[in-house]
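This is what each chain is made of:
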Amino acid sequence: MDSPSKSADAKIDRASTEGVAALDRAIAILDAFTTDDRSLSLAEIAARTGLYKSTILRLANSLLRGRLLERLDNGRYRVGPATFRLGALYQRSVVAVDILLPIMRDLSERSWESVAFYVRSGDVRTCLYRVESKHPIRYTIREGDVLPLLLGSGGRVLAAFSGQQGEPYETIRKTCNCLAVGDRDPETGGVSAPVFGPGGVLLGALTLAGPSTRVDAAFLQRMKRPLLEAAARATRAFGEDASMLEQASLAADAMP
C-alpha cells in the first residue's frame, strides 16, 4: 500500500489546475534527486516527495518518454540524458555578469560596503567584478587587479576550496566563509564565501570588504549570513546545489 501522506497531492490540487499540478509533481520527482544520488527507488522518491507511488509511476512514464528519467534493470530510477542537454543549454545561455552583478548590488545595498568577485589565476587571484561602497571613504580595488592568493579573505577562500591543506583552510571548508581583518592590508577587513557551478566546480569567491575603521570584526560577523545567502543565491543561479552554503548561512550567527 502507498504510505506517503495525501497532503502533498491535495495541496497541489488546490493551488493549480490538474495539468499544472501534474507538472508540479513531475518537477518534484526530478527535484528528489541530489548530487549524491546515483539512483533512487520508487519508495525513496515517494518518501522524499510525499507523493503516492501510483502517482509517481504514472508521471514517471512521461518522464521516461521525454528521457528526463531512466529506469534501471533493478527497477531503480536515475536522472535521464535529456537533463544533461537542458543543463548544457542553460550553461550556454548564462552570462556570469548577468547573474553576479545583481546579487552583488543587493549585498552592497544591504551593507553599504564594497563587494567584489575574485577568481583564481594560478598562484594569484584576479578581481573580476566590483560594486563600490556608498561611503566616500572606501576600500578601493579595481576590476582586473591582481592580489595574492594566500592573503585576504577572498584569496583564502579560493585556496581552501582548491585543496589547500592545514589551517585556516580546513575551517574555511567547514564554515564556507573566511573573515579577515588586516590580513592582506592592515587597514582593510573583509569576509568571503565561495560560489560554485555545475558539478561543484569552484567559480570564485564573493567578498564584502571595507576600511577596518568601519568594517571591523563585529560588523563582518553580522554580515556573514547575508554574504552566505548571496553566495548560495549565485550558486543556485549557476545551476548547482547550494545546500552547503544555505546550511552555513543558518549557522553563521553562531560562528565566532
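Every residue gets a number counted from 1 within its own chain, in the order that chain's sequence is written. pLDDT decides what is reported in this predicted model: residues at 70 or higher carry local features, side-chain atom pairs at 80 or more are listed and counted, and totals for whole chains, interfaces and linings draw on all residues regardless. Side-chain numbers here rest on the full set of heavy atoms in the structure, without hydrogens or water.

Explanation requested: the sheet that holds strand β4 (residues 124-131) in the structure shown.
The strands that make up a sheet pair up through hydrogen bonds in the backbone, lying either parallel or antiparallel. Strand pairing follows a simple DSSP-based rule, namely that at least 2 bridges must link the two strands. Only DSSP runs of H or I with at least four residues qualify as helices, and only runs of E with at least two residues qualify as strands; both kinds are numbered from the N terminus onward. The strand order across the open sheet formed by six strands is β5-β4-β3-β8-β7-β6, and the pairing between neighbours is antiparallel. Pairing within the sheet leaves two strands with one partner each, and these edge strands are β5 (146-148) and β6 (178-181). Averaged over all pairs of adjacent strands, the angle between their axes in this sheet comes to 35 degrees, without regard to strand direction. In terms of strand pairing, β6 meets strand β7 (residues 188-197) through four bridges, oriented antiparallel. Within the sheet, the bridge partner assigned to leucine 179 lies in β7 and is valine 191. Lines fitted to C-alpha atoms define the axes here, with helix axes fitted over just the stretch in contact, and angles between the N-to-C directions of these axes take values from 0 to 180 degrees.

Any chance you could explain the environment of leucine 151 here in plain terms?
As for its position among the elements, leucine 151 is in the loop between β5 and α7 (153-160). Each C-alpha atom of the pair leucine 151 and valine 124 lies 9.7 Å from the other, and the pair is 27 residues apart in sequence.

It is not clear to me how the packing of aromatic side chains should be interpreted in this structure. Could you clarify?
Geometry of an aromatic ring pair is reported as the spacing of the ring centres plus the angle between the planes. Here is the rule: rings of Phe, Tyr and Trp (six-membered ring for Trp) pair when centre to centre is within 6.5 Å. Planes less than 30 degrees apart are stacked, more than 60 are edge-to-face, and the remainder are tilted. Taken as a whole, this structure holds two aromatic pairs when the rule is applied. Considering the side-chain rings of phenylalanine 117 and tyrosine 129, the 6.4 Å spacing of their centres and the 25 degrees angle between planes classify their relative orientation as stacked. A residue pair is termed long-range when its members are at least 10 positions apart, and phenylalanine 117 in strand β3 (residues 114-121) and tyrosine 129 in strand β4 qualify at 12 residues. With respect to class, phenylalanine 117 is no different from tyrosine 129; both count as buried. Burial classification: accessible surface area is computed with a 1.4 Å probe over protein chains only, and a residue below 20% of its type maximum counts as buried, one above 50% as exposed, and the rest as partly exposed.

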